[in-house]
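# Analysis of the macromolecular model
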Amino acid sequence: MNFINKLNAAWTANDSLLCVGLDPDMDKLPAQFRQDPNGIFNFCKEIIDATADLACSFKPQIAYFAALSAERQLEDICAYARAHYPHIPLILDSKRGDIGATARQYAREAYDRYGADAVTVSPYMGSDSVEPYMEWADRGVIILCRTSNAGGSDLQFLNVDGKPLYQHVARLVAEKWNANGQCALVVGATFPEELAQVRAIIGDMPLLVPGVGAQGGDVAATVKAGRTANGTGMMINSSRAILYAAQQPGEDFAMAARRVAQETRDAINAHRAG
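About the criteria used
What you see as residue numbers is a count from 1 along each chain, following the sequence as written. Confidence filtering applies because this is a predicted model: local features only for residues at pLDDT of at least 70, side-chain atom pairs given and counted only at 80 or more, and all residues used for totals across whole chains, interfaces and linings. Only hydrogens and water are set aside; all other atoms, that is, all heavy atoms of the structure, feed into the side-chain values. Any residue under 20% of the maximum accessible area for its type is buried, any over 50% is exposed, and the rest in between are partly exposed; the area is computed with a 1.4 Å probe on protein chains only. By the criteria applied, helices consist of DSSP H or I runs no shorter than four residues and strands consist of E runs no shorter than two, each listed in order from the N terminus. At least two DSSP bridges between two strands are needed for those strands to be called paired. For every element, the axis is a line fit to its C-alpha atoms; helices are fit only across the contacting stretch, and the angle between N-to-C directions ranges from 0 to 180 degrees. The way it works is a 1 Å grid over only the protein atoms, where trapped points that fit a 1.4 Å probe form a cavity and open points with protein on both sides within 12 Å along at least five of seven lines form a pocket, and then any residue with an atom within 4 Å of a point lines it. Grid points are joined across faces, edges and corners, and a volume is the space filled by probe spheres set on the points. Here the nonpolar group is Ala, Val, Leu, Ile, Met, Phe, Trp, Tyr, Cys and Pro; Asp, Glu, Lys and Arg are the charged ones; every other residue, Gly included, is treated as polar. A helix's residues, less one, multiplied by 1.5 Å, set its expected span. We call two residues in contact whenever any of their non-hydrogen atoms come within 4.5 Å of each other. Residues adjacent in sequence count toward polar contacts only when both atoms are side-chain atoms; beyond that, a polar contact is any pair of N or O atoms within 3.5 Å, and within protein one must be able to donate a hydrogen and the other to accept it. The term salt bridge refers to a pairing of a side-chain nitrogen on Lys or Arg with a carboxyl oxygen on Asp or Glu at a separation within 4 Å. Grouping buried Ala, Val, Leu, Ile, Met, Phe, Trp, Tyr and Cys residues that are joined through side-chain atoms within 4.5 Å yields what is termed a nonpolar core. Whether two aromatic rings pair depends on their centres lying within 6.5 Å, for rings of Phe, Tyr and Trp, where Trp uses its six-membered ring; planes under 30 degrees apart make the pair stacked, over 60 edge-to-face, and the rest tilted. An angle below 35 degrees is read as roughly parallel, one above 145 as roughly antiparallel, one from 65 to 115 as roughly perpendicular, and any other as oblique. Note: crossing handedness is left-handed where the near helix turns anticlockwise from the far helix by less than a right angle, and right-handed where it turns clockwise.

## Observations concerning the pairing of strand β10 (residues 234-238)
Most of β10 is tucked away, with five of its five residues classed as buried. Burial along β10 is two-sided: the face carrying M234, I236 and S238 and the face carrying M235 and N237 are both buried. Bridge count for strand β9 (residues 207-209) against β10 is three bridges, and the pairing is parallel. Directly across from L207, in β10, lies its bridge partner M234.

## Looking at the sheet that holds strand β1 (residues 18-22)
The parallel open sheet is built from eight strands, whose spatial order is β2-β1-β10-β9-β8-β5-β4-β3. Whereas interior strands pair on both sides, the edge strands pair on one side only; in this sheet they are β2 (57-60) and β3 (91-96). When strand polarity is set aside, the average angle formed by the axes of neighbouring strands in this sheet is 30 degrees.

## Section: the layout of surface pockets
To locate leftover empty space, one rolls a probe as large as a water molecule over the atoms. One number sums up the size of the second largest pocket: a volume of about 270 Å³. K28, L29, P30, A246 and Q248 are, among the 15 residues lining the second largest pocket, the residues nearest its centre. In the lining of the second largest pocket, the residues fall into eight nonpolar, four polar and three charged.

## So, helix α12 (residues 253-269)
Counted at 1.5 Å a residue, the expected span for α12 with its 17 residues is 24 Å, and the 24 Å between its end C-alpha atoms agrees. Along α12, the positions that sit buried rather than exposed are F253, A254, A256, A257, V260, A261, T264, R265, I268 and N269. Packed against the buried residues of α12 are β1, α2 (31-34), α3 (39-51), α10 (219-226), β10 and α11 (240-243). Looking at where α12 begins, the residue whose side-chain oxygen comes 3.0 Å from the main-chain nitrogen of A254 is D252.

## Observations regarding the pairing of β2
Here is the key point about a regular strand: its side chains alternate between the two faces of the sheet. Burial along β2 is two-sided: the face carrying S57 and K59 and the face carrying F58 and P60 are both buried. Of the pairings in the sheet, the one linking β1 to β2 comprises four bridges and is parallel in character. Within β2, the residue paired with G21 across the bridge is K59.

## Digging into the pattern of salt bridges
Under the criterion given, the structure shown has 16 salt bridges. A salt bridge links R259 to E263; the shortest N-O distance between them is 3.9 Å. Remark: E263 and R259 occur in helix α12; sequence separation between them is four residues, near one turn of the helix. For R259, a relative accessible area of 37% corresponds to the partly exposed category. Here D266 and R265 are joined by a salt bridge, their closest N and O atoms 3.2 Å apart. What you see here is one network of salt bridges that share partners, running through K59, D93 and K95.

## Brief notes about the nonpolar core
Grouped together as the largest cluster of nonpolar side chains are 90 residues, with contacts concentrated most on I143, L185 and M235. Dropping the residues within four chain positions of it, L185 is found in contact with I142, I143, C145, A170, V173, V198, I202, M205, P206, L207 and L208.

## Observations regarding the side chain of S122
Relative to the helices and strands, S122 is located in the loop between β4 (118-121) and β5 (140-146). Engagement of the side chain of S122 in a polar contact is seen with the backbone nitrogen of Y124, the distance being 3.5 Å. Every residue in contact with S122, bar those within four places of it in the chain, is listed here: K95, R96, G97, S129, V130 and L144.

## What about the packing of aromatic side chains?
For the structure on display, the rule yields nine aromatic pairs. For the pair F33 and F253, a centre-to-centre distance of 5.2 Å together with 85 degrees between the ring planes defines the contact as edge-to-face. Residue F33 is located in helix α2, and its partner F253 is located in helix α12; the two are separated by 220 residues in the primary sequence. We classify F33 as buried; its relative accessible area is 5%. With a relative accessible area of 7%, F253 lands in the buried category. Both rings, one in F41 and one in Y80, keep their centres 6.2 Å apart while their planes meet at 90 degrees; by these two values the pair is edge-to-face.

## Section: the packing of α3 against α12
Their axes nearest at 9 Å, the elements α3 and α12 cross at an angle of 45 degrees. When the interaxial angle is binned, α3 and α12 end up oblique. When the axes of α3 and α12 are compared, the crossing they make is right-handed. Counted together, F43, E46, I47, A50 and T51 of α3 and F253, A254, A257, R258 and A261 of α12 form the full contact between these two elements. Residue composition of the contact of α3 with α12, by class: seven nonpolar, one polar and two charged.

Encoded structure:
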């Protein structure tokens, strides 16, 4: 099953547009995991188990693992997710962008080493930096378009022939790069007007939408702007708000994560109808 088919099935099976981000920050992990040599794996495993029936995708952020020399634990958590929840897409968030020969190695890293269903990439070195990912015809390529950070406007809002650059990226991906039909775009929840403009350009192509939860994106505005006609079309990511939902020492972190994940999923679902 290719990435898009798996994503469509997960939207339906779990009645969810929620993407659970896995950003393990050692300073924020519950105390029992900080001295555990496999603490990152064990923490992420419990988050996955607690939220798997509420999510349409999981998204480990590679930097949070690599900074702690925990790539082996990332391999293990990806393997765990694939083995126990093979119906839920696994997105490696690495935002790679490099020349073709190097891009091919990054693709091997994402798809072969970690077994990801999709990977995030940067488009700003052009088509030959993205094409190597397309060699894995069943895997997703999720391309940065209009990101959720304020500084994204420094480049993404530059005027190019009367249109902001991010709209050119959206059109380029929709019209030229999506030969396998497995592309998606990253568009932040913090800019719902731009989100709506991207949706108008790309049709039903999926969107990975960061920026709700800790970044403060408005759920109602996000869903209204980005949903497709059938009420899907988005992977709305929340990471820190779910991972670190426990407010009191000793509180069950996994149950707290589940509670916030369910609240977020239900808030999204409240606005999915036309």
